[in-house]
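Here is what each chain is made of, one letter per residue.
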Amino acid sequence: MKAMVLRKLKTALEWTDLPDRHPGPGEIRVKVSACGVCRTDLHVVDGELPDPHLPIIPGHEIVGRIDAVGTGVEGLRMGERVGIPWLGHTCGICPYCVEHRENLCDHPLFTGFTRDGGFATATIADARFAFPLGEKGEDVALAPLLCAGLIGWRSLVIAGDGRRLGLYGFGAAAHILAQVAVWQGRSIFAFTRPGDVAAQDFARSLGAKWAGGSDELPPEPLDAAIIFATVGGLVPLALKAVRKGGRVVCAGIHMSDIPSFPYGLLWEERQLVSVANLTRQDGIDFLRLVPDIGVVTKTTSYPLEQANKALADLRAGRFEGAAVLVP
């Protein structure tokens, strides 16, 4: 197998030949056909997440077909198309797992961070954390759903049922979530980098009622806001934009420090919450709805060996939607 490997933090991934791997008990081997490039992959490479397993193969928006099955695997078959997400394994016995909050597991493994991921021609996965994808949709189009879509869905659920929803940072996750929210009958208010007219036009093309810079206030108070951008300075701005009793959800796994702000922005029962990882039930619920919603992902494809370019383009905001590596 071939893979793009991170050997040292804050360095380029290395194109590497590796021996073929074989699944152990409860595992499957997946021949990768597409792997999305997520903002979290940048956090891994840049050393912004604690205790990575190095060397590591990044990538956790994996689409592929099962080509080997370990002992004890049930419910999956050879040749089946599956998706492999960020949450790659949980202990099943800690208090959070027992309380059906496996996204907060005390002893998890994360795909592309603490177990090898999908920037490769093949990967090994815990079969319990693989989602059957069926045969509808193209592999490249499905890949961003495995993290951008899933974390967006979890964020939307936590944001509540408010009809006026603000999305700060209009990238891979927001462009998927906007379609879901519009399908639900909500009004979307999209916040981009100030002056990013192209991203604002993109948001409007996906049904946003309003689009403007993150330094602007929306034309009407929001019921809730979700922050996908990794900029802590957006938190006070989002709190200012939501109504009394409104909720602000921080959806990223990493964010720069949140500056101090007047208590008045939080007062009147506004809420500030975060989202961590996902549960398998999130994936089941979201992926079941995708065909009904008709989600269309906007993607830019790169050959696997150009993973460093894809990461650089993501960092610089050179594309709309999501980047996807294709072996």
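You'll find the structure just up there.
Here we summarise the structure given alongside this text. (Residues numbered from 1 in each chain as written. Predicted model: local features only at pLDDT ≥ 70, side-chain atom pairs only at ≥ 80, totals over all residues. Heavy atoms only, no water.)

1. Examining the packing of helix α4 (residues 148-159) against helix α5 (residues 172-183)
Between α4 and α5, the least distance of the axes is 8 Å, while the angle of their chain directions is 55°. One element, α4, and the other, α5, form an angle in the oblique class. Relative to α5, α4 is oriented so that their crossing is right-handed. Residues A148, G149, G152, W153 and L156 of α4 form the contact with α5, whose participating residues are A172, A173, I176, L177 and V180. (Axes fitted to C-alpha atoms, helices over the stretch in contact; angles between N-to-C directions. Helix = DSSP H or I, 4+ residues; strand = E, 2+ residues; numbered from the N terminus. Parallel < 35°, antiparallel > 145°, perpendicular 65-115°, else oblique. Left-handed = near helix turned anticlockwise from the far one by under 90°. Contact = heavy atoms within 4.5 Å.)

2. Quick word on the packing of α4 against helix α8 (residues 280-293)
In a pair of packed helices, the angle between the axes and the distance between the axes together describe the arrangement. Orientation of α4 relative to α8, taken along the N-to-C sense of each, is 105°, at an axis distance of 10 Å. Relative to α8, α4 is oriented roughly perpendicular. On α8, the residues touching G149, L150, W153 and R154 of α4 are D282, G283, D285, F286 and L289. Residue composition of the contact of α4 with α8, grouped by class: 4 nonpolar, 2 polar and 3 charged. (Nonpolar A, V, L, I, M, F, W, Y, C, P; charged D, E, K, R; others polar.)

3. Topic: the pattern of salt bridges
Per the counting criterion, the structure on display carries 21 salt bridges. Between E102 and R280 there is a salt bridge; the shortest N-O distance is 2.8 Å. Here R280 lies in helix α8 and E102 lies in the loop between α2 (95-98) and β7 (109-110), a separation of 178 residues in the sequence. Classification of E102 as buried rests on a relative accessible area of 10%. The exposure class assigned to R280 is partly exposed, which follows from its relative accessible area of 25%. (Salt bridge = Lys/Arg side-chain N within 4 Å of Asp/Glu carboxyl O. Buried < 20%, exposed > 50% of the residue type's maximum accessible area, 1.4 Å probe, protein only.)

4. With respect to the environment of S187
Position of S187 relative to the elements: it lies in strand β11 (residues 187-192). Distance in space between the C-alpha atoms of S187 and K240 is 18 Å, their sequence separation being 53 residues. When neighbours within four sequence positions are excluded, S187 is seen to be in contact with R163, R164, L165 and K209.

5. Describing unusual backbone geometry
Residues L54 and P55 are joined by a peptide bond in cis, for which omega reads -5°. By the secondary structure assignment, P55 is in the loop between α1 (39-45) and β4 (61-69). Located in the positive-phi region is E268, a residue other than glycine, with phi close to 65°. Residue placement: E268 occurs in the loop between β14 (242-250) and β15 (271-274).

6. Observations regarding helix α6 (residues 197-205)
It helps to recall that an α-helix has 3.6 residues per turn; residues three or four apart then point in one direction. Looking at α6, one finds that the buried residues are A199, Q200, F202 and A203. Taken around the axis of α6, the buried residues stretch over an arc of 155°, which confines them to a single face. At its buried positions, α6 is contacted by α5, β11 and β12 (210-213). A positive phi of about 105° marks G207, the residue just after α6. (Arc of directions from axis to C-beta.)

7. Quick word on the environment of A173
For A173, the position within the fold is in helix α5. Sequence-wise, A173 and P58 are 115 residues apart; in three dimensions their C-alpha atoms are separated by 18 Å. Aside from chain neighbours lying at most four places away, what touches A173 is A148 and F228.

8. So, the pairing of β12
Consecutive residues of a regular strand have side chains that alternate between opposite faces of the sheet. Both β11 and β12 contribute to a ladder of 4 bridges, which runs parallel. The residue bridging A190 from the neighbouring strand is A211, located in β12. (Pairing = 2+ DSSP bridges.)

Bear in mind that shape data such as this cannot, by itself, settle questions of function.
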